[in-house]
Amino acid sequence: MKTTHHTTGLNAIQIGLLRMFDRQIPDEDVLEIKKIIVKHLGKKLLEEVDNVVQEKGISASDYESLDSEDVRSTSGPEHE
């Protein structure tokens, strides 16, 4: 099998997906595919956040203290 090198910046998976959808797709199918991808990426994001929270030992009280703090910056153009 001959390997083709692409200069598009896309990886093999992305190119494979483009080839798979190289046809007219109804709008409702496109929307469903987008929802599936967003759901998958959202799940992966939540898993990563859970990992970071666990690794850093962040607790509910940490969130509560952040919620009660005024974390707005006092520097910048709007405060000059």
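1. Some remarks on the overall build of the protein chain
The secondary structure content of the protein chain amounts to three helices and zero strands. Its helices and strands taken in sequence order, the protein chain reads α-α-α from the N to the C terminus. With an accessible surface of roughly 8,000 Å², the protein chain has 57% of that area assigned to carbon and sulfur atoms.

2. Focus on a negative patch on the surface
Taken together, the side chains of Asp-27, Glu-28, Asp-29 and Glu-32 present a region of like negative charge at the surface. Among the secondary structure elements, Asp-29 is positioned in helix α2 (residues 27-56). Given a relative accessible area of 34%, Asp-29 falls into the partly exposed group.

3. Here we look at a nonpolar patch on the surface
Residues Ile-13, Leu-17, Met-20 and Phe-21 make up a contiguous nonpolar surface patch of roughly 400 Å² in combined accessible area. Note that Ile-13 resides in helix α1 (residues 12-20).

4. What about the confidence of the model for the protein chain?
Averaged over every residue, the pLDDT of the protein chain is 85; the share at 70 or more is 78%. Here helix α3 (residues 60-68) stands out as the element of the protein chain with the lowest mean pLDDT, 86, in contrast to α2, whose mean of 96 is the highest.

Reading the values: the criteria
Residues numbered from 1 in each chain as written. Predicted model: local features only at pLDDT ≥ 70, side-chain atom pairs only at ≥ 80, totals over all residues. Heavy atoms only, no water. Helix = DSSP H or I, 4+ residues; strand = E, 2+ residues; numbered from the N terminus. Areas by Shrake-Rupley, 256 points an atom, 1.4 Å probe, with all protein chains shown as cover. Patch = residues over 30% accessible without salt bridge, like charges linked within 9 Å, V, L, I, M, F, W, Y side chains within 5 Å. Salt bridge = Lys/Arg side-chain N within 4 Å of Asp/Glu carboxyl O. Lys, Arg positive; Asp, Glu negative; His and termini not counted. Charge placed at Lys NZ, Arg CZ, Asp CG, Glu CD. Buried < 20%, exposed > 50% of the residue type's maximum accessible area, 1.4 Å probe, protein only. pLDDT = per-residue confidence, 0-100.

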